[in-house]
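Commentary on secondary and tertiary structure
If you want the building blocks of each chain, they are given just below.
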Amino acid sequence: MMNLSLFKPALVGACFSRAATGMACLLLASFTTSAATVPDTDVVMPERHFDILDRHCLDCHDSFTAEAGVNLEELSFSIAESIETAERWSKVLDAINSGEMPPKTKPPIDEKAKLEFLRDLSERMVLARSILSDSGGEITLRRLNRREYANTVEAILGLRPDTSLLPDDRASAEYDTEGASLFFSSDQLEQYLATAKSALELALLSKPPGDSEIRRFEPEDTYVPLYAELAREQLDRADRYYGWLAAGGTDDLAKDFGYLDGWQAERQLNSFHVGYPPLQKWLSAPENRTGAALMITIKNGFTKMKLPQLRAWQPGRYVIRVRAAAYEEDPVRFRYLEFARTDGTNTTRLGWRKVTAPLRKPETIEFEIDHAPGLDATYQIQKRSHMDRGDKNLESDYRKVNKTGTPWGIWVDWYEIEGPLPVDKISEIAWLRDSSPPKDGSESQLARELLERFALEAFRGEQPNPEYLDKLTARFEHHRRQGMKWLDALIEPLAIILSSPTFLYLVESGEGDSETLSDLELANRLAYFLWSAPPDPELLDLARAGKLADPVELRRQTDRLLSDERSDRFVRSFVYQWLEMSRLGMFAFAGRDFPTFDNAVRDAAAEEIYQTFAMLLHERLPLQNLLESDFVVVNDLLADYYGIAGVEGHHWRKVAIGPDSPRGGLLGSAAVSAMGSDGQRSSPVERGVWVLRKLLNDPPPPAPPNVPMLSRLEGEILPVRELQRAHQEDAQCAQCHQKIDPIGYGMENLNPAGLWREMEVITGRKQAVLGEFPIDPAGMFGDEQAFEDFFGLRREIAEEIDSFAYGMSEALISYGLGRHFGFTDHDLAEEMISGAAESQYAIADFVHALIQSETFRSR
């Protein structure tokens, strides 16, 4: 049994206790500080204001009713009694100040009484924040989340580990950086140890890749004969079977001709009669004698031109080249090559390249791939694919119309793969992999030195405890006595380092008795915020020299980290979670209903959001551009989808658009439209709620329990306004829907896939039109501002830039500090907004303001 004391961190007060089962338990109690309760009799609302709550609030928000989960009957008038009390008063302030409460259906508050109430409450809220910020809430020891773990191991070993066994990161938190949700149980220790061992074996024991080579393939030698033989077999079988029936035979012997029974024979032959003419046309095309057009078949889906399998011991960078041409008369969607990887049953789409050259003058397209160590995978070139069964369904529909099937789009002359390509970079782990036992008998000393160096890097600059190193060295010696080779004997001690709490946790103890982070702790917090990875040598050197905390140097390093390509990890992980982009992959969009919204567009729609945010960040453009702008950030694929002309090349760039374009800003993006639908119809509720939460920072309360089903409308074909109006007939639904639904109606000109429409068309089976309804996008924004259409709604939302900025500040605080945004963070959010105001809310200034804050530099 392994000695679990080896997992005791070198400089951390957490420990493992041995159990009879041999599993370990991490004790985190010393790392959690509970919020102190700080009552203060000076921060008390005058009792005269109870009359306002009694008259205007308690009918709906007493302990019995508690509408929207809000109970004000037991609300203490001592505002600073606890953070929970202060947060509830903060919600009261916001609701009354905004005019949201009391609702319009209730008597209004006397203006003079309302003014006095808001003045008294506002003054006391400022004092409460000051008092409660001293206790600050709960500080939780934070484990590396799954992607941070992978990035950290990659920084040390030069390869990404397989993290599929590791715990989920977002089971209960809004952000995967929030320490309170990053649980750790004793049984997970074995998972971390196994993951670390596998990664170390690949890094240290794998054979070096062989010499680079080029392997070329001619499709006319593989795919054309394959389909020709298939056609001959099917035709011959059909002729023999029909001849048997014509001669008086019966279908009970269909199995003699390769069919299960007569019923299957009839089905397959009917399919063959439909599918044979397009295949015959393809086989007879003259250009397919020297190459092959990419086609789609009902039986096999899209054509895949596969490259030889790359094995686990063949890692490295490869380049795939395809000499191809486009059928210029075919729709543009069919003129994109899709590059993909399959390993087992998983297929991963890697990217797309548009083919623009005509058949008379083909072009050579290059696509680079990184084949990961330990992975057996096949790479392939294929037609641009649709989700679900979209390609087969569309092929069937095309054949019904034109008898020849889906347009080919692309012809391939040849394709090849070259690699592994030579690299100049020295492996991160070369110093360890190339080590060998000394001949003078001092191998234990060398092993200890290597383990110390490895632990120093793994522990992000923290010096490992000598006793800890002694135990690791003893483990190495034990393996050597068992006959293990030099590197094999080091694997387990190294894996223990990568499974220890000092590695798995971001430990922040402050300097002495101070709450201020040490420079080394600040370096770690900064690097994991902006890179999701450990500090690089420059950051560590500054921290060791005690220079990083200097505000000027800290700002310089922040700029450096943001300009580094690793900051793309911040952009993607933050934006994905902040804007709840997981919804983009929740629903399948049927190819027949949305023939152009395929895998390529869905991936590009997400990429548009990331690329736009990154451009605003790096070019210091105003945050306003996420609400309304005169440009979009697109590549050729997404520009084709949006109908924006003149965009060539797969790289992302800023493209000017006119004032009549619905694009420009999140509201008009395909991603936001798709996230606000179910893959079939748009949802004004989902869209309205998303806008309120993410753009206006005004989230509606959760739906009440036992919302009545609209059974009386079952089977009726109605426009969305009629469906939603039925919700508003119910009293418990009406209050929120009157606020949510108009925003969703204003977005109705964008269909579920984000394309512009004037009519809502509802289809049934086989695309039969069940109803057509003109779209009415007009509505009310808030209580007073009316808008006529989508563009009016977008203008109204763009006016709410301050609310949007505050919401993003909240998100950055939660993500960057690894904890939920709390009541005491209000002043920090205001500081961030104030710090970014001069630059018209440049995103980089929000980041700088957060990092320069005392909160960020304290534990």
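The structure we're discussing is the one just above.
As a starting point, this report considers the structure included with it. Values in this document were obtained by computation on a predicted structure and should not be read as measured data. (Residues numbered from 1 in each chain as written. Predicted model: local features only at pLDDT ≥ 70, side-chain atom pairs only at ≥ 80, totals over all residues. Heavy atoms only, no water.)

The next point concerns the state of the cysteines. What we call a disulfide is simply a covalent bond connecting the sulfur atoms of a pair of cysteines. For the structure shown, the criterion picks out zero disulfides. For C57, which is in no disulfide, the shortest distance to another cysteine sulfur is to C60 and amounts to 8.9 Å. (Disulfide = S-S within 2.5 Å.)

Mapped onto the fold, G744 is located in helix α24 (residues 731-746). Residue G744 is classed as buried on the basis of its relative accessible area, which comes to 0%. It is 8.8 Å that separates the C-alpha atoms of G744 and S682, two residues lying 62 residues apart in sequence. Filtering out sequence-adjacent residues up to four positions away, G744 remains in contact with P684, R687 and G688. (Helix = DSSP H or I, 4+ residues; strand = E, 2+ residues; numbered from the N terminus. Buried < 20%, exposed > 50% of the residue type's maximum accessible area, 1.4 Å probe, protein only. Contact = heavy atoms within 4.5 Å.)

With that settled, consider the pattern of salt bridges. Here the structure, examined in full by the defined rule, presents 48 salt bridges. Taking the shortest distance from any N to any O, the salt bridge between K471 and E467 comes out at 3.7 Å. In this pair, K471 and E467 are both assigned in helix α12 (residues 466-481), four residues apart and thus about one turn of the helix distant. Of the residues examined, K471 reaches a relative accessible area of 28% and is grouped as partly exposed. By relative accessible area, E467 is classed as partly exposed at 48%. A salt bridge links R560 to D536, with the nearest nitrogen and oxygen atoms 2.8 Å apart. One end of the pair, R560, is in helix α17 (residues 551-563); the other, D536, is in the loop between α15 (519-530) and α16 (537-544), with 24 residues separating them in the sequence. Summarising the burial analysis for this pair, R560 and D536 share the class buried. Sharing partners across several salt bridges, the network here consists of R216, R321, E366, E416 and E418. (Salt bridge = Lys/Arg side-chain N within 4 Å of Asp/Glu carboxyl O.)

Bringing the packing of α17 against helix α28 (residues 843-852) into the picture now. One can describe the packing of α17 onto α28 by two numbers: an axis separation of 10 Å at closest approach and a directional angle of 135 degrees. Considering their axes alone, α17 and α28 lie oblique with respect to each other. Pair α17 / α28 crosses with right-handed handedness. Each of P551, L554, R555, T558, D559 and L562 in α17 lies in contact with α28, whose residues at this interface are D845, V847, H848, I851 and Q852. (Axes fitted to C-alpha atoms, helices over the stretch in contact; angles between N-to-C directions. Parallel < 35°, antiparallel > 145°, perpendicular 65-115°, else oblique. Left-handed = near helix turned anticlockwise from the far one by under 90°.)

The next point concerns the sheet that holds strand β10 (residues 336-343). Taken in spatial order, the four strands of this open sheet run β8-β13-β10-β11, and their pairing is antiparallel. If you trace the sheet from one side to the other, it starts and ends with β8 (304-306) and β11 (346-354), each paired once. Averaged over all adjacent pairs, the angle separating strand axes in this sheet is 25 degrees, with direction ignored. (Pairing = 2+ DSSP bridges.)

In short, the description is geometric, and any link to function would need to be established separately.
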